[in-house]
Amino acid sequence: MMKKMTSATANKMIKKLNEDKEYWRRREQESYLYVAALDEEPVIPEYDYSEVAAEIAAIDDKIAKLKHAINLTNATNVIMIAGEELTIDTILVKMAQMNRRKEILDVMRKQQPKVRISSGYYNPKKAAPEYQYINYDLDLIKAEYEKVDALISEYQINLDKYNQTVEFEVEL
């Protein structure tokens, strides 16, 4: 059966299916073994391997179909961002790269131009204090951080809009 949905809907379905799968895994884990004393009648939990395996396999099949449909739409659909036409999967890769760059720029922009790092107390042979200096233009780094942050926001807003509005078909 073919069903139309957005990426947001598909991801919510995947989350729900993973919760269902966890239920079956937990149920299996609590039932496939039991302990009984030799002098007591054992309480054997209900457990049917075939039923549990079939349920988990059906859930895995649905998850695989949903993820494939998401991957297919991400690889084939394009949106315009910052004057560039990009596929969704490219946007996701670029966002991860920009977020990593933003982390580095964030550390750099928070540095002081000059910081005393040693007073010489621990090394009596060296009386002069040591200083750490930045080796870059702090204003340039701050501006670059803001530029990357704004671009990430633009990518995210466009991606959110895409995920909420563009429909694709999934065979479930």
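The coordinates are above.
If you're wondering where the values come from, they're calculated on a predicted model, not measured in any experiment.

Caption draft 1: Region of the structure containing the side chain of Thr87. Mapping Thr87 onto the fold places it in strand 3 (residues 84-87). Here the side chain of Thr87 touches Asp89 through a polar contact of 2.4 Å, side chain to side chain. A polar side-chain atom of Thr87 sits 2.7 Å from a polar atom in the side chain of Thr90. Aside from chain neighbours lying at most four places away, what touches Thr87 is Asn74, Ala75, Asn77 and Val78.

Caption draft 2: Structural context of the pairing of strand 6 (residues 167-171). Only one face of strand 6 is covered, namely the one carrying Phe168 and Val170; the face carrying Glu167, Glu169 and Glu171 has none of its residues buried. Inspection of the sheet shows strand 1 (residues 2-6) paired to strand 6 by 5 bridges, in the antiparallel sense. Bridge pairing links Thr6 to Glu167 in strand 6.

Caption draft 3: Highlighting the nonpolar core. Ranked by size, the top nonpolar core spans 15 residues in total, and within it Ile79, Ile88, Ile91, Met95, Met98 and Tyr155 carry the most contacts. For this core, the secondary structure elements donating two or more residues are strand 2 (78-81), helix 3 (88-109) and helix 4 (138-165). It is helix 4 that contributes the most residues to this core, 7 residues altogether. Apart from residues no more than four positions distant in its own chain, Met95 is found in contact with Ile152, Tyr155, Gln156 and Leu159. In terms of nonpolar packing, the next biggest core, distinct from the first, is built from 14 residues, Ala10, Ile14, Ile56 and Val170 among them.

Cut-offs applied
- Residues numbered from 1 in each chain as written.
- Predicted model: local features only at pLDDT ≥ 70, side-chain atom pairs only at ≥ 80, totals over all residues.
- Heavy atoms only, no water.
- Helix = DSSP H or I, 4+ residues; strand = E, 2+ residues; numbered from the N terminus.
- Polar contact = N/O pair within 3.5 Å; in protein donor to acceptor, adjacent residues only side chain to side chain.
- Contact = heavy atoms within 4.5 Å.
- Buried < 20%, exposed > 50% of the residue type's maximum accessible area, 1.4 Å probe, protein only.
- Pairing = 2+ DSSP bridges.
- Core = buried A, V, L, I, M, F, W, Y, C linked by side-chain atoms within 4.5 Å.

All quantities given are derived from atomic positions and should not be read as evidence of function.
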